[in-house]
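# Observations on the model geometry
What follows is each chain in one-letter form.
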Amino acid sequence: MQRGSSGNKTRKKKKRPNGSPQGRVQRDNVYELNRIRQKRESESRYYGRTQPQPAPRVHQRPVQPKKAQHRAVQHQKPSKATVKRRRNYAGRILPLFVFGVIALYLVAQLMMMAVKKPEINVETVSYGTIDTPVSRQGVIVRDEYVVKSDRAGTPFYQYSEGDYVTKSSVVCQVKDTASTNVLEEKLQSIDKDILESQKSRSDLSAFSEDIARIENNMGNTVEMFGSRSMKTDASYLYSMRTQLDSYIMQRNEIWLSEDVESLSQLSEQRSSYEQQLSQSMSSVTAPESGVLAFSYDGLEETLTTEALEEITVGQVSGSEKMAYISKVKNVEQGDPLFRIVRSNRWYIVSNFPANEVLDWKVGDKKKLNLINEDSTTAVSATVYAITPGETETKVVFSCFTHMDQFINSRTISFSLESEAVEGLKIPNNAIVEKSLLKIPLDCLTESGGNQGVLLINGDNSKFIPTTIISSDDSYAYLAQSDQSLKLGDVILQGTGETAGQYTVAEVETMAGVYVANSSMAKFVPITVLEQNQEYAIVKSNSNYGLQVYDTIVSDAKNITEGQSIY
């Protein structure tokens, strides 16, 4: 204690730091504002806002009391637009999820159906055509005649079969070879001597100009054919030989027929031998021109073109065949030597069912498929004559072509070239027959949208739904597999005062196929228009019938109605 004091210590006041209290309040406010700004930035990032809010200036914001500062730091609620956007987002997710699940299910089912094959073979019905030719038998009639031998001997033919022979042409010679061979050798020796003599005096011959012309033609022929090359085609050599032989024969005939005094003795000997030779041989000529054939059957004078109205198919049996004439065997007097067909016009006589040719007329054009041993030839024919009968009609066809192909035939198999039938084309194995109940249409009634019948049992009646397979103008055909209706049941027929009772007693057999448009087989009736060995053409566009693009069972042997296909 210092002297002069009262004994009490005087407290020294602490010096306050420089600055006013208002400065301290401002510093607190800045701190608080920074904290609020950081909190708002975090909230902005939470709600999707990326741009931070700028900090307010210190001097622009008034100093707030603590209660106001407390309200400022509380969390702000999201706006109505933000809430609506969140709800819309959630509302879109749920339908998309459901749609995705359904799509995956459908894709999986389609893939399973594509991979899984049906247990029974099926096919899709489409339009198509078939031909249904029917083979028939016919008798061939030609304008022809047979030439017979007038003596016994060996025939020597000058023509081949199928050659056209002119009138009075020597077709063959029948010789007695025992005597003719010696005479022919003597004649050949005399002819050789005469030709040698004539060659040496050709300049003095009265026919020297003719001989020179013939020999000039021979030289031109050799020169013309000699310019060709054998590397390409050698067939011209045969033509050259034929022409040269013809020229040589003309020249030799001139020399042999010329009356020369120095050759008179040889000429007399030659005439004597020719007379002897003519007595030992016969030259057979063709009375009329035509095509040569070496076959006959003895019916040439019976089956003539003048007797077409009387000819019947029954006159010729299918087992008869034409006999061939040998060109090397000896013949007896009266044996056939050859046959001549005068005209290219020939006829086919055949019978047809009367109902198939009702609309045919004389002069109609028809296409015939003529069946040979190993081939079929299409021929255009004309209906020449029609003779109606009770069940069959005789038809005579006239043809002008392909006579040579059937010149050695008397009977022939043929078919008409019918027009192709178009419709739904299905295999025959898909067709089955099914027995259906047959009831009048006025027995059908409707109840609750279903068609059926009223089954009568004493005084009571009960509606029974039925499955209609087919119907026509008067009747309906029901499936017998329906256990609720069977043969012998009594049902109501008609309505009102005309109503009566009808007993189910008739059954109709119908052809049909099993349709497999779904997984179950369903019988559908069909109407067959045409049918061959493999396919059938079926009528389309019927109410209960088959339709194009239907799926049917290819082979209906091992399937029943209602059976599962997959």
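Residues numbered from 1 in each chain as written. Predicted model: local features only at pLDDT ≥ 70, side-chain atom pairs only at ≥ 80, totals over all residues. Heavy atoms only, no water.

Helix and strand counts for the chain stand at seven helices and 29 strands. Long-range contacts, defined as pairs at least 24 residues apart, comprise 74% of the intrachain contacts of the chain with a sequence gap of at least 6. As presented, the chain carries roughly 37800 Å² of accessible surface, and 48% of it is formed by carbon and sulfur atoms. (Helix = DSSP H or I, 4+ residues; strand = E, 2+ residues; numbered from the N terminus. Contact = heavy atoms within 4.5 Å. Areas by Shrake-Rupley, 256 points an atom, 1.4 Å probe, with all protein chains shown as cover.)

Even without being glycine, S168 reaches a positive phi, approximately 70°. Examined against the element boundaries, S168 turns out to sit in the loop between β5 (164-165) and β6 (170-175). S168 sits in the exposed class, given a relative accessible area of 52%. (Buried < 20%, exposed > 50% of the residue type's maximum accessible area, 1.4 Å probe, protein only.)

Let's shift gears to the sheet that holds strand β7 (residues 281-285). With antiparallel pairing, the three strands of this open sheet are ordered in space as β4-β6-β7. The outermost strands of the open sheet, each flanked by one partner alone, are β4 (154-157) and β7. Taking each pair of neighbouring strands and ignoring which way they run, the sheet shows an average axis angle of 25°. Here β6 runs beside β7; their pairing, made up of five bridges, is antiparallel. Opposite V170, over in β7, you have T285 as the bridge partner. (Pairing = 2+ DSSP bridges. Axes fitted to C-alpha atoms, helices over the stretch in contact; angles between N-to-C directions.)

Here four strands make up an open sheet; going across it, the order is β2-β16-β28-β27 and the pairing antiparallel. The two strands at the open ends of the sheet, each matched to only one other strand, are β2 (126-130) and β27 (528-531). Adjacent strand axes in the sheet meet at a mean angle of 50°, parallel and antiparallel pairs treated alike.

Another aspect to go through is the nonpolar core. Among the nonpolar cores identified, the biggest contains 22 residues, and W346, I348, L370 and F397 are the most heavily contacted of them. Where this core is concerned, the elements lending two or more residues are β8 (290-293), β11 (336-353), β12 (365-371), β13 (376-387), β14 (392-399) and β15 (411-416). With sequence-adjacent residues up to four places away left out, F397 is seen in contact with W346, Y347, I348, F352, W360, K366, L368, A381, T382, V383, Y384 and F414. (Core = buried A, V, L, I, M, F, W, Y, C linked by side-chain atoms within 4.5 Å.)

In the structure shown here, the tally under the stated rule is nine aromatic pairs. With a centroid separation of 6.0 Å and 70° between ring planes, the pair formed by F352 and F397 is classed as edge-to-face. Residue F352 is found in strand β11, and its partner F397 is found in strand β14; the two are separated by 45 residues along the sequence. Here F352 matches F397 in class, with each residue buried. We note K425 situated over the ring of Y535; from NZ or CZ to the ring centre the distance is 4.7 Å. (Phe/Tyr/Trp six-rings, centres within 6.5 Å; stacked < 30°, edge-to-face > 60°. Lys NZ or Arg CZ within 6 Å of the ring centre and 35° of its normal.)

Moving on, we get to the pattern of salt bridges. Side chains bearing opposite charge may pair, as long as their charged atoms lie close to each other. Counting across every chain of the model gives nine salt bridges. The shortest N-O distance in the salt bridge between D297 and R410 comes to 2.7 Å. Taken together, the residues D297 in the loop between β9 (295-296) and β10 (323-324) and R410 in the loop between β14 and β15 connect sequence positions 113 residues apart. Among the charged side chains, a salt-bridge network with shared partners connects R142, E144, D297, R339 and R410. (Salt bridge = Lys/Arg side-chain N within 4 Å of Asp/Glu carboxyl O.)

Right, let's get into the environment of S461. For S461, the location among the structural elements is in strand β20 (residues 460-465). When sequence neighbours within four positions are dropped, the list of residues in contact with S461 reads L455 and I456.

Along the chain, the position of Y514 falls in strand β25 (residues 506-515). For Y514, a relative accessible area of 9% gives the class buried. C-alpha separation for the pair Y514 and E561, spaced 47 residues apart in sequence, amounts to 7.2 Å.

This part covers the pairing of strand β21 (residues 468-471). Within a regular beta strand, the side chains point alternately toward one face of the sheet and then the other, so they alternate between its two faces. With three bridges connecting them, β21 and strand β22 (residues 475-479) associate as antiparallel partners. In the sheet register, S470 faces β22, and the bridge partner there is Y477. Hairpin connection from β21 to β22: three residues lie between these consecutive antiparallel strands.

Relative to the helices and strands, E144 resides in strand β3 (residues 135-148). At 3.0 Å, the side chain of E144 and the side chain of R142 are in polar contact. Polar side-chain contacts of E144 include one of 3.0 Å to the side chain of R410. For E144, the residues in contact, after removing those within four places along its chain, are E300, R339, I340, V341, R342 and R410. (Polar contact = N/O pair within 3.5 Å; in protein donor to acceptor, adjacent residues only side chain to side chain.)

Turning next to the confidence of the model for the chain. Looking at the chain as a whole, the pLDDT averages 78, with 70% of positions reaching at least 70. Element-level pLDDT for the chain is lowest in helix α2 (residues 66-72), with a mean of 48, against a maximum mean of 95 in β8. Contacts of residues 1-10 to residues separated by more than four positions or lying in other chains number two contacts, the stretch itself having pLDDT below 50. Scored below 50 in pLDDT, residues 67-75 shows 10 contacts in the model against residues more than four places distant or in partner chains. (pLDDT = per-residue confidence, 0-100.)

A few words on a nonpolar patch on the surface. Taken together, L94, F97, V98, V101, I102, Y105 and L106 make up a surface patch of nonpolar side chains, about 730 Å² in accessible area. Positionally, V101 belongs in helix α3 (residues 80-115). (Patch = residues over 30% accessible without salt bridge, like charges linked within 9 Å, V, L, I, M, F, W, Y side chains within 5 Å.)

Of note, K434 is situated in strand β17 (residues 432-440). The residues contacting K434, other than those within four sequence positions of it, are E508, T509, M510, F523 and E561.

Let us look at the environment of G138. Structurally, G138 is set in strand β3. Judged by relative accessible area, which is 3%, G138 ranks as buried. Each C-alpha atom, one on G138 and one on I412, is 5.3 Å from the other, the two residues being 274 residues apart in sequence. Look past the residues within four positions of G138 in its chain and what remains in contact with it is I348, V349, S350, R410, T411, I412 and F414.

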